[in-house]
Amino acid sequence: QVQFVESGGGLVQPGGSLRLSCVASGFTFSGYDMSWYRQAPGKERELVAALSASGTPTKYEDSVKGRFTISRDNAKNTVYLQMNSLNAEDTGVYYCNAGWYGARTFGGMRYWGNGTGVTVSF
């Protein structure tokens, strides 16, 4: 079964950094583009970063360009999101998934993990 397990979130002050991790299983990780999504309080989930199966290219939502970096370790079936210069607008629950333009389906179903919460506040 496809699973995504996100971790690394927490409370951080404005200007701080966090590194999120996501371990994926149930599919051939190295063959898929991977993405990070964010759902801010009261808002829809949005894609913030994506990374191709080969590691390049990458793409970022405008508000995180220059501050966030997505990377992957295919040997560990893990995708990372390094987040620097965090601000209050980065607060939300972060999820990873397979895909470039949106979350991929597997056997006609779309799977989501529980996400990891990030709160940027003093």
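Let me sum up the structure you'll find in this document. Predicted model only: the values in this text are computed from it and were never measured.

**Concerning the packing of aromatic side chains**
One pass over the structure, following the stated rule, counts 7 aromatic pairs. Judged by centre distance (5.7 Å) and plane angle (50°), the ring pair of phenylalanine 4 and phenylalanine 27 falls under tilted. Taken together, the residues span a long stretch of sequence, with phenylalanine 4 in strand β1 (residues 3-7) and phenylalanine 27 in the loop between β3 (18-25) and β4 (34-39) at a distance of 23 residues. With respect to class, phenylalanine 4 is no different from phenylalanine 27; both count as buried. For the pair tyrosine 37 and tryptophan 112, a centre-to-centre distance of 5.1 Å together with 85° between the ring planes defines the contact as edge-to-face. You can see tyrosine 37 sitting in strand β4 and its partner tryptophan 112 sitting in the loop between β9 (92-98) and β10 (116-120), a full 75 residues away along the chain. An aromatic cluster is present here, built from Phe4, Phe27, Phe29, Tyr32 and Phe106 joined pairwise through their rings. Geometry around tyrosine 80 places arginine 19 over its ring, the cationic atom sitting 3.9 Å from the centre. Against the face of phenylalanine 29 rests arginine 72, its NZ or CZ located 4.5 Å from the ring centre.

What counts, and where the lines are drawn
- Residues numbered from 1 in each chain as written.
- Predicted model: local features only at pLDDT ≥ 70, side-chain atom pairs only at ≥ 80, totals over all residues.
- Heavy atoms only, no water.
- Phe/Tyr/Trp six-rings, centres within 6.5 Å; stacked < 30°, edge-to-face > 60°.
- Helix = DSSP H or I, 4+ residues; strand = E, 2+ residues; numbered from the N terminus.
- Buried < 20%, exposed > 50% of the residue type's maximum accessible area, 1.4 Å probe, protein only.
- Lys NZ or Arg CZ within 6 Å of the ring centre and 35° of its normal.

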